[in-house]
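# Commentary on secondary and tertiary structure
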Amino acid sequence: MADFLASRADPTAGLGAVRLVGADIFLPHVVLNRPLTAQDAEVVAASFEVFPQATEPVAPEQRVMAWHDWSTARLLATLTGDAAVAAPDDPAAVLGSVEKWARWSVAVAQLSSLAHPGATGPVVDAVAAQPQALCRGVLRAALRRDFVIASRLTRWVALTHAMGVRLPVNPVVLVDHVALRVGSEPRQLLDLAVARHLVGAP
């Protein structure tokens, strides 16, 4: 991250990119157990200084961003040995009612960067507790050919499987099905790479 920032003509734009990627910026450290250098940790900390976190989220998009920020700050604290970070809100406030599972699954998809190997926390627990709604959501997205949502929800399905939750779909078959249809969009390919890792697929 420090090398990336140093290569940018506009450091502020580089810090904005770090904030946009969020917790996924730590995937090489989470998946490959690479140590986080002090310089890289400083880049993430600087991104929060330049683009402050939402302290009292109210609007739906603010709540989504607050959880993204929490996930990033929490992983940073874990990797640097700092104090734990408090959750921003009740997960029900950002996810909504599971009874409206189609809308609920879209909210879950917006939080796909929280679904990383070893992930825990209130949102992870809330999603894992609703495997039927999660699988309904991903199948609905696939049938509608909305592979942005489908790839994000597939990542959640894979994490839920890795947690030992019984699912009404085969996560490996789901990953393969979505992978054939997402094209070459980097964000979707990243979500599927994480999903493959979580289900142990090649």
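In the block above lies the structure referred to throughout.
So, here is what we can say about the structure in this document. (Residues numbered from 1 in each chain as written. Predicted model: local features only at pLDDT ≥ 70, side-chain atom pairs only at ≥ 80, totals over all residues. Heavy atoms only, no water.)

## With respect to the overall build of the protein chain
Looking only at helices and strands, one finds 12 helices and zero strands in the protein chain. Counting helices and strands in the order they occur from the N terminus, the protein chain gives α-α-α-α-α-α-α-α-α-α-α-α. Since a compact globule built from 202 residues should have a radius of gyration of about 17 Å, the 17 Å found for the protein chain is in line with a globular shape. With respect to the three principal axes, the spread of C-alpha positions in the protein chain is 45 × 35 × 30 Å. Counting across all 202 residues of the protein chain, residues that qualify as buried make up 44%. A sequence separation of at least 24 residues applies to 69% of the contacts in the protein chain between residues at least 6 apart. When the accessible surface of the protein chain is summed, it comes to about 10,200 Å², and 56% of that surface belongs to carbon and sulfur atoms. Positive and negative side-chain charges in the protein chain, numbering 17 and 18 respectively, have mean positions lying 12 Å apart. (Helix = DSSP H or I, 4+ residues; strand = E, 2+ residues; numbered from the N terminus. Rg over C-alpha atoms; globule rule 2.2 N^0.38 Å. Buried < 20%, exposed > 50% of the residue type's maximum accessible area, 1.4 Å probe, protein only. Contact = heavy atoms within 4.5 Å. Areas by Shrake-Rupley, 256 points an atom, 1.4 Å probe, with all protein chains shown as cover. Lys, Arg positive; Asp, Glu negative; His and termini not counted. Charge placed at Lys NZ, Arg CZ, Asp CG, Glu CD.)

## Quick look at the environment of Val 94
As for its position among the elements, Val 94 is in helix α6 (residues 91-95). Judged by relative accessible area, Val 94 falls into the buried class, the value being 10%. Measuring from C-alpha to C-alpha, the distance between Val 94 and Phe 4 comes to 32 Å, with 90 residues separating the pair along the chain. Once you skip the residues sitting within four places of it in the chain, Val 94 turns out to touch Arg 63, Val 64, Trp 67, Ala 107 and Leu 111.

## Brief notes about the layout of surface pockets
Estimated volume of the largest pocket: approximately 300 Å³. In terms of lining, the largest pocket is formed by 16 residues, of which the most central are Leu 20, His 68, Gln 110, Arg 152 and Arg 187. Per-element tally for the lining of the largest pocket: the top contributor is helix α5 (residues 60-80), with six residues. When grouped by side-chain class, the residues that make up the lining of the largest pocket number five nonpolar, six polar and five charged. A volume near 230 Å³ is recorded for the second largest pocket. Lining the second largest pocket are 15 residues, with Val 94, Leu 95, Gly 96, Arg 103 and Ala 107 positioned closest to its centre. Elements with a contribution of two residues or more to the lining of the second largest pocket: α5, α6 and α7 (101-110). (1 Å grid on protein atoms, 1.4 Å probe; cavity = no way out; pocket = protein on both sides within 12 Å on 5 of 7 lines; lining within 4 Å. Points joined across faces, edges and corners; volume = space filled by probe spheres on them. Nonpolar A, V, L, I, M, F, W, Y, C, P; charged D, E, K, R; others polar.)

## Thoughts on the side chain of His 29
Turning to its location among the elements, His 29 is positioned in helix α3 (residues 27-32). Here the side chain of His 29 touches Pro 35 through a polar contact of 3.4 Å, landing on its backbone oxygen. Excluding anything up to four places from it in sequence, His 29 contacts Met 1, Arg 34, Pro 35, Leu 36 and Leu 79. (Polar contact = N/O pair within 3.5 Å; in protein donor to acceptor, adjacent residues only side chain to side chain.)

## Examining helix α11 (residues 171-179)
Buried within α11 we find Pro 171, Leu 174, Val 175 and Val 178. Taken down its axis, α11 places every buried residue within 100 degrees of arc, on the same side. Buried residues along α11 sit in contact with α9 (131-143), α10 (147-162) and α12 (186-199). Residue Asn 170 occupies the N-cap position of α11, its side-chain oxygen lying 2.9 Å from the main-chain nitrogen of Val 172. (Arc of directions from axis to C-beta.)

## Overview of α5
In this model, α5 (21 residues) spans 30 Å end to end at C-alpha, consistent with the 30 Å of a helix rising 1.5 Å per residue. Residues Val 64, Ala 66, Trp 67, His 68, Asp 69, Trp 70, Ser 71, Thr 72, Ala 73, Leu 75, Leu 76 and Ala 77 constitute the buried set of α5. Tucked into the core, α5 has its buried residues touching α2 (11-21), α3, α4 (38-50), α6, α7 and α8 (122-128). Just past α5, the residue Gly 81 takes up positive phi, approximately 80 degrees. (Expected span 1.5 Å × (residues − 1).)

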